[in-house]
Amino acid sequence: MASLPDRMALLQRVRWRPMADADLAYVAALENEIHAAPWSLGNFRDALAAGYGATVAERDGRILAFGVMTLGPGEAQLLNLSVVPDARRQGLGRALLQRFMDDARRAGAEQMFLEVRLSNVPAIGLYRAAGFETVGRRHAYYPSTARAGAEDALVMRRSLAEPAGAARAGGG
């Protein structure tokens, strides 16, 4: 695992930008490598067409992380947050989550929701550290695929009333 100064140096070299149409095929291919039940190219295309917030993290010309969020009255829904395997544990997921929470707060959202695969222990840890709490469970939310059986999702929620740093300071 990279030390904190190493992580900071790596994050400083990251370029954050909106996901573009030209990224879609590559992002969909990464998604297919990362997830047992991946979004399709069409899912990403539809998200961009609908105006959802979609962001990529790029370092040295390579997309290392990406995510999609939608906004509704008073709330945000994190739909996708992904980091390529060889770039994990460098703070990219945490930084992208923070960017989405900040964007949602600026847009007037008072809370953020997400679903996470029950077996995705690292992601659940990330979300809990950021102040998310489990508020429900969706039975067989993730469908059975050739790579994985059906799986439940935890529904998690975080108030956006206080800055994310306040939740972390309390041990979240």
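For the structure given in this document, a descriptive report is provided here. On a predicted model such as this, the values are computed, not experimentally measured, just so you know. (Residues numbered from 1 in each chain as written. Predicted model: local features only at pLDDT ≥ 70, side-chain atom pairs only at ≥ 80, totals over all residues. Heavy atoms only, no water.)

## So, the nonpolar core
For soluble globular proteins, the rule of thumb is that nonpolar side chains tend to be buried together.
Okay, so step 1: Ranked by size, the top nonpolar core spans 46 residues in total, and within it Leu97, Met112 and Tyr127 carry the most contacts.
Okay, so step 2: Ranked by the residues each element gives to this core, the list is headed by helix α4 (residues 92–106), at 7 residues.
Okay, so step 3: Non-local contacts of Tyr127, meaning those with residues more than four positions away in its chain, are made with Leu78, Leu81, Leu97, Leu114, Val116, Phe132 and Met156. (Core = buried A, V, L, I, M, F, W, Y, C linked by side-chain atoms within 4.5 Å. Buried < 20%, exposed > 50% of the residue type's maximum accessible area, 1.4 Å probe, protein only. Helix = DSSP H or I, 4+ residues; strand = E, 2+ residues; numbered from the N terminus. Contact = heavy atoms within 4.5 Å.)

## Observations regarding the pattern of salt bridges
Okay, so step 1: Inspection of the entire model under this criterion finds 10 salt bridges.
Okay, so step 2: Among the ionic pairs, Glu58 bridges to Arg17, the shortest N-O distance being 3.1 Å. Here Arg17 lies in strand β1 (residues 15–18) and Glu58 lies in strand β2 (residues 53–59), a separation of 41 residues in the sequence.
Okay, so step 3: Exposure remark for Glu58: the relative accessible area of 14% places this residue in the buried category.
Okay, so step 4: Owing to a relative accessible area of 14%, Arg17 belongs among the buried residues under this scheme.
Okay, so step 5: Ionic contacts of the salt-bridge type, sharing partners, join the residues Arg15, Arg17, Asp23 and Glu58 into one network. (Salt bridge = Lys/Arg side-chain N within 4 Å of Asp/Glu carboxyl O.)

## Brief notes about unusual backbone geometry
Okay, so step 1: One non-glycine residue with positive phi stands out, namely Asp60, at about 55°.
Okay, so step 2: The residue Asp60 is located in the loop between β2 and β3 (62–72) in this model.
Okay, so step 3: Of note, the phi angle at Arg89 is positive, near 65°, even though the residue is not glycine.
Okay, so step 4: Relative to the assigned elements, Arg89 resides in the loop between β4 (75–83) and α4.
Okay, so step 5: For Arg89, a relative accessible area of 59% gives the class exposed.

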